[in-house]
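Inside the fold
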Amino acid sequence: MKENKSGRIAWTAIFMVVATVCAKLLGMLRDVLLANGYGTTMSAVAFDTASRLPILIFDFVIGGVITASFIPVFNELLVKKGKDDALKFANLYVNVILVITLAISALGVLLASPLVTFLAPDISVETHALAVTLTRLMFPMIIFTGLAFSFVGILQSFGKFLLPAVISLVSNLIMVLYFLTLDSRFGIW
């Protein structure tokens, strides 16, 4: 029995390494496809600006909070008070994250123009307009990012590492497939 568990742990670790390496390779391919398709054009600058804004604000406001506070508290409750209390805390926490990310997303959509100006003050008017539109489309992703960060923390606290290891693999795969199949039809949108 002990040998079987060790073998399963070894295969899980190997899968996680392979998934991580594949995710990094797909991320590099995504960047190559973006650079190949758009170079340093207005669309590339607008996309880069628009995609950095939500992540920058998420990392500044919430990203560290989840890692620094939620996971340790959840794990402590899990050990000291049990699964039910830990899950009640997680439910409350996820709801708070949802409300905060909804508010940030709404503010990001409303304040897209000044945020783009702040992040990229020297871009042309046309690039600014495209970046603002793309920013408004991308800002709601922080809602899903906040929820994903929270659920990954919960899964990892329960010793489930496979799904968290695959998340960036799937994300990068979707982007690569988009560039290979739909980019010629929809462009930077």
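Okay, so let's go over this structure.

Focus on the side chain of Thr49
Relative to the helices and strands, Thr49 resides in helix H2 (residues 42-80). Among the polar contacts listed, one links the side chain of Thr49 to the backbone oxygen of Val45, at a separation of 2.9 Å. Setting aside residues up to four positions removed in sequence, Thr49 forms contacts with Val116, Leu119, Ala120 and Ala131.

Here we look at the nonpolar core
Judged by nonpolar contacts, the single largest core of 39 residues is most densely connected at Ile66, Phe70, Phe74, Leu134 and Ile188. Taken together, the elements giving at least two residues each to this core come down to helix H1 (2-38), H2, helix H3 (83-110), helix H4 (112-119), helix H5 (125-138), helix H6 (141-157) and helix H7 (162-181). Tallying contributions element by element places H2 first for this core, with 13 residues. Discounting chain neighbours no more than four positions away, the residues touching Ile66 are Phe58, Ile71, Tyr93, Ile97, Gly146, Phe149 and Ser150.

A short note on H6
Here H6 spans 24 Å end to end across 17 residues, near enough to the 24 Å set by a 1.5 Å rise per residue. When we look at burial in H6, the residues that qualify are Ile142, Ile143, Thr145, Gly146, Leu147, Ser150, Val152, Gly153, Ile154 and Ser157. The first or second residue beyond H6 is Gly159, which carries a positive phi of 80°.

Overview of the environment of Val73
Within the secondary structure, Val73 sits in helix H2. By relative accessible area, which is 36% here, Val73 ends up partly exposed.

Digging into the packing of aromatic side chains
The tally for this structure, following the rule as stated, stands at 7 aromatic pairs. Look at Phe58 and Phe149: their rings are 5.1 Å apart centre to centre, the planes differ by 75°, and that puts the pair in the edge-to-face class. You can see Phe58 sitting in helix H2 and its partner Phe149 sitting in helix H6, a full 91 residues away along the chain. Judged by its relative accessible area of 1%, Phe58 falls in the buried class. One aromatic cluster in this structure is built from Phe70, Phe74, Phe89, Tyr93 and Phe158.

Focus: a nonpolar patch on the surface
On the surface, Val17, Val21, Leu25, Met28, Leu29 and Val32 cluster together into a nonpolar patch covering about 530 Å² of accessible area. You can see Val17 is positioned in helix H1.

A closer look at the packing of H3 against H6
Packing of H3 against H6 leaves a shortest axis separation of 8 Å and a crossing angle of 160°. Between H3 and H6, the interaxial angle falls into the category roughly antiparallel. Here H3 and H6 pass one another in a crossing that is right-handed. On H6, the residues touching Ala90, Tyr93, Val94, Ile97, Leu98, Thr101, Leu102, Ile104 and Ser105 of H3 are Ile142, Ile143, Gly146, Leu147, Ser150, Phe151 and Ile154. Among the residues making up the contact of H3 with H6, the classes are represented as 12 nonpolar, 4 polar and no charged.

Calculation criteria
- Residues numbered from 1 in each chain as written.
- Predicted model: local features only at pLDDT ≥ 70, side-chain atom pairs only at ≥ 80, totals over all residues.
- Heavy atoms only, no water.
- Helix = DSSP H or I, 4+ residues; strand = E, 2+ residues; numbered from the N terminus.
- Polar contact = N/O pair within 3.5 Å; in protein donor to acceptor, adjacent residues only side chain to side chain.
- Contact = heavy atoms within 4.5 Å.
- Core = buried A, V, L, I, M, F, W, Y, C linked by side-chain atoms within 4.5 Å.
- Buried < 20%, exposed > 50% of the residue type's maximum accessible area, 1.4 Å probe, protein only.
- Expected span 1.5 Å × (residues − 1).
- Phe/Tyr/Trp six-rings, centres within 6.5 Å; stacked < 30°, edge-to-face > 60°.
- Patch = residues over 30% accessible without salt bridge, like charges linked within 9 Å, V, L, I, M, F, W, Y side chains within 5 Å.
- Areas by Shrake-Rupley, 256 points an atom, 1.4 Å probe, with all protein chains shown as cover.
- Salt bridge = Lys/Arg side-chain N within 4 Å of Asp/Glu carboxyl O.
- Axes fitted to C-alpha atoms, helices over the stretch in contact; angles between N-to-C directions.
- Parallel < 35°, antiparallel > 145°, perpendicular 65-115°, else oblique.
- Left-handed = near helix turned anticlockwise from the far one by under 90°.
- Nonpolar A, V, L, I, M, F, W, Y, C, P; charged D, E, K, R; others polar.

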